[in-house]
Amino acid sequence: MSEKLDFFATCAKGVEPLLAAELRALGLDAVRDTRGGATFAGPVAAGYRACLWSRLASRVLLPVARFHCPSPLDLYEGMRSVKWWEHLDTDGTLAVDFSASNSAITHAHFGALKAKDAIVDQFRDRLGRRPSVDTALPDLRVNVYLERDQATVSLDLSGEALHRRGYRVQGGKAPLKENLAAAILHSARWPAMAVDGAQLVDPMCGAGTLLVEGALMAADVAPGLGRERFGFSRWLGHDGQAWGALVAEARERQAAGVAGLAPDRIHGYDRDMRSVNALNENLYHAGLEDKVRVTRRAVEDTEPQPGPPGLVVVNPPYGERLGADDDLAALYAALGTALKVNFPGWRAAVFTGNPDLAHHLRLAADRKVTLYNGPIVCRLLHYGIG
Ligand SMILES: C[S@@+](CC[C@H](N)C(=O)[O-])C[C@H]1O[C@@H](n2cnc3c(N)ncnc32)[C@H](O)[C@@H]1O
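Residues numbered from 1 in each chain as written. Predicted model: local features only at pLDDT ≥ 70, side-chain atom pairs only at ≥ 80, totals over all residues.

Can you walk me through the domain arrangement of the chain in this structure?
How large an interface is tends to be reported as the accessible area lost when its parts come together. Domain annotation for the chain reports domain 1 (5-156) and domain 2 (178-219 + 261-384). Distance between the C-alpha centres of domain 1 and domain 2: 35 Å. Facing ten residues of domain 1, the contacting portion of domain 2 comprises ten residues. When grouped by side-chain class, the residues that make up the side of domain 1 that touches domain 2 number five nonpolar, two polar and three charged. (Domains from an automatic or database assignment. Contact = placed C-beta atoms within 7 Å. Nonpolar A, V, L, I, M, F, W, Y, C, P; charged D, E, K, R; others polar.)

As structure tokens, this is what we get:
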């Protein structure tokens, strides 16, 4: 399929401009950030490239129909206007994700059911047989989104959400989502620092999502390379040749990037041994086991290695999910002291769901970015350590 298609990559609230910049850097065309994601255009391979390489997107959608949808009947008829037989085999499986805002149809479960009925009725009427529903691993995942009674119907090229890279085995304590960790690193401009050979340190690394994502960036590893399956894998319109070429290129870049990443540039510390073990296991599954040094150590004792300065990136506990009894103010003060005493000349990025605690760092942020950790409004505070 070489025709020009329009795509929509979704992302968490607050990440849109970073996602648009990432998609442009991937060489994608006509990129524009919009609420909840970014649009781009190109042949089907452009959508595949975003699935394979975007570290920040949640999903990549390929819209196939748009229609006015003020009632359930309009939804049903609009869904039936799509030639579903071009996308899915009669004996295949499907799932429908439905969401709506400011629209007459509000109930997601009802909307999904109605949309699914239209698809299977179309098959039954044409062929006497119908696909079945599989909400977990369908051959085709269809996304229906209603905004002010305007429906956009898309094929979900990602399938399972893209933050599931395939390396996370151990959860650790309160781990960040992989694409949120990647957004934090992009906001801190780690990809450019990594190219310049900078160090990366997380003094409270937990299961190390920030460090695994940082190492994948530094080693030029496509985040989707560890996944077994995407939403397009069983799509009838799938262009296996285009996908195979992208994977082959990504594997070459991975081999060169991993071989070229020095083992003493990325360091993780945590006072909790289970976190240290969890990170080591995640690194093993990401194919990066010798590329990040992990040590059990309290934040007060964190020091950089000799060499050029770099970035300290950290997501300290903030009382939402970890023990609220901890003396968090003292912990932030200890982090602030460690940064000032041990990391002069470095950049720091501190991600917290409790900005009041950040005052205890006793450092002046030069940039503050709002990001969302699920429903929690969080701040990403950027510092230049004097
Ligand atoms: C919110 S978790 C970090 C999660 C991590 N960003 C991830 O995605 O897996 C905070 C971590 O700080 C660690 N921690 C708390 N107090 C510490 C201290 N004084 N020194 C070092 N680590 C500490 C905890 O063990 C926990 O793993």
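Now, onward.
How should the sheet that holds strand β14 (residues 367-373) be read in this particular structure?
As a general point, the strands of a sheet are linked pairwise by backbone hydrogen bonds and lie either parallel or antiparallel. Read from one edge to the other, the open sheet built from seven strands follows the order β11-β10-β9-β12-β13-β15-β14, with strand pairing classed as mixed. The strands lining the two open edges of the sheet, one partner per strand, are β11 (293-296) and β14. Direction aside, neighbouring strands of the sheet carry axes that sit 20° apart on average. Helix-sheet contacts for helix α7 (residues 209-218) involve β9 (200-202), β10 (266-270) and β12 (311-314), and the interaxial angle to β10 is about 175°. (Pairing = 2+ DSSP bridges. Helix = DSSP H or I, 4+ residues; strand = E, 2+ residues; numbered from the N terminus. Axes fitted to C-alpha atoms, helices over the stretch in contact; angles between N-to-C directions.)

Help me out: how do you make sense of the environment of P309 in this one?
By the secondary structure assignment, P309 is in the loop between β11 and β12. P309 has contacts with G345 and W346, leaving out every residue within four places of it along the chain.

Looking at this model, I keep getting lost on the site of the ligand. Mind explaining?
Close contacts around the ligand come from 21 residues, with P175, M204, G206, T209 and D272 the closest. Residue composition of the shell around the ligand, grouped by class: eleven nonpolar, six polar and four charged. (Near = placed C-beta within 6 Å.)

Looking at this structure, how should I read the packing of helix α3 (residues 72-80) against helix α4 (residues 108-127)?
Each packed pair of helices is defined by two parameters, the angle between the axes and the distance between the axes. Two elements in contact, α3 and α4, have axes separated by 8 Å at closest approach and are oriented at 40°. With respect to their mutual orientation, α3 and α4 come out oblique. Seen along the crossing, α3 lies across α4 with a hand that is right-handed. On the side of α3, the interface is formed by P72, L75, Y76, M79 and R80, while α4 contributes G111, K114, A115, D117, A118, I119 and Q122. Looking at side-chain class alone, the contact of α3 with α4 contains seven nonpolar, two polar and three charged residues. (Parallel < 35°, antiparallel > 145°, perpendicular 65-115°, else oblique. Left-handed = near helix turned anticlockwise from the far one by under 90°.)

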